[in-house]
Amino acid sequence: CPLWVCEHLTSYNVEFNKDVSREQSKFVPESTIHPFFRAYNSDYLNSGYDRGHLAAAANHRHSQRAMNDTFYLSNICPQMGKGLNRSKWNELEKRARSFVSKAWISLCSYWTSVSANC
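Residues numbered from 1 in each chain as written. Predicted model: local features only at pLDDT ≥ 70, side-chain atom pairs only at ≥ 80, totals over all residues. Heavy atoms only, no water.

Averaged over all residues, the pLDDT of the protein chain is 85; the fraction at 70 or higher stands at 86%. For the protein chain, strand S4 (residues 105–110) is the element with the lowest average pLDDT, namely 61, and helix H2 (residues 64–69) is the one with the highest, namely 96. (pLDDT = per-residue confidence, 0-100. Helix = DSSP H or I, 4+ residues; strand = E, 2+ residues; numbered from the N terminus.)

Structure below.
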């Protein structure tokens, strides 16, 4: 899981393109990361967690390639699906996009693990 992701939203990035679809995108491991540290789809299988985008896919609707790039597992963190990824987090992403025409928006997501040995 990345420690942070920063993106600058513009009206161009989030502009709807009828030829761009999440259904054409696939979650893929990041080949530039050493295999020992690389995330795989199997890490999420039956885990109870969603693959949550840090740089949201819908923030990059201007081209299929841009959207596909958000599906690298290096941009993904485990997120609780119901109640977070599919609701509150999704609402936050939509709200941020609604400000794009009114202001420059820079989003940073930060993730850190909590150690059981604290």
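For the structure on display, the rule yields 2 aromatic pairs. Plain terms: the ring middles of Phe27 and Phe71 are 4.8 Å apart, the flat faces sit at 55° to each other, and that makes the pair tilted. Of this pair, Phe27 sits in the loop between helix H1 (11–14) and strand S2 (49–53) while Phe71 sits in the loop between H2 and strand S3 (76–80), and the two are 44 residues apart along the sequence. Across the pair, Phe71 and Phe27 agree in class, each one buried. Taking the centre distance of 5.0 Å and the plane angle of 90° together, the rings of Phe36 and Phe37 count as edge-to-face. The same class applies to Phe36 and to Phe37, which are both exposed. (Phe/Tyr/Trp six-rings, centres within 6.5 Å; stacked < 30°, edge-to-face > 60°. Buried < 20%, exposed > 50% of the residue type's maximum accessible area, 1.4 Å probe, protein only.)

The next thing to look at is the nonpolar core. Counting residues in hydrophobic clusters, the biggest one holds 9 residues: Val20, Phe27, Ala39, Tyr44, Ala57, Met67, Phe71, Leu73 and Ile76. What Ile76 contacts, discounting residues up to four positions off in sequence, is Cys1, Pro2, Phe27, Tyr44, Arg51, Gly52, His53 and Thr70. (Core = buried A, V, L, I, M, F, W, Y, C linked by side-chain atoms within 4.5 Å. Contact = heavy atoms within 4.5 Å.)

This brings us to a nonpolar patch on the surface. Taken together, Tyr49, Met80 and Leu84 make up a surface patch of nonpolar side chains, about 270 Å² in accessible area. On the accessibility criterion, Met80 (44% relative accessible area) is partly exposed. (Patch = residues over 30% accessible without salt bridge, like charges linked within 9 Å, V, L, I, M, F, W, Y side chains within 5 Å. Areas by Shrake-Rupley, 256 points an atom, 1.4 Å probe, with all protein chains shown as cover. Salt bridge = Lys/Arg side-chain N within 4 Å of Asp/Glu carboxyl O.)

What follows is about helix H4 (residues 88–98). For H4, the set of buried residues is Glu93, Ala96 and Arg97. Within H4, the buried residues cover an arc of 100° as seen down the axis, which keeps them to one side. For H4, the exposed residues set more than 90 degrees away from the buried face come down to Lys88, Leu92 and Arg95. (Arc of directions from axis to C-beta.)

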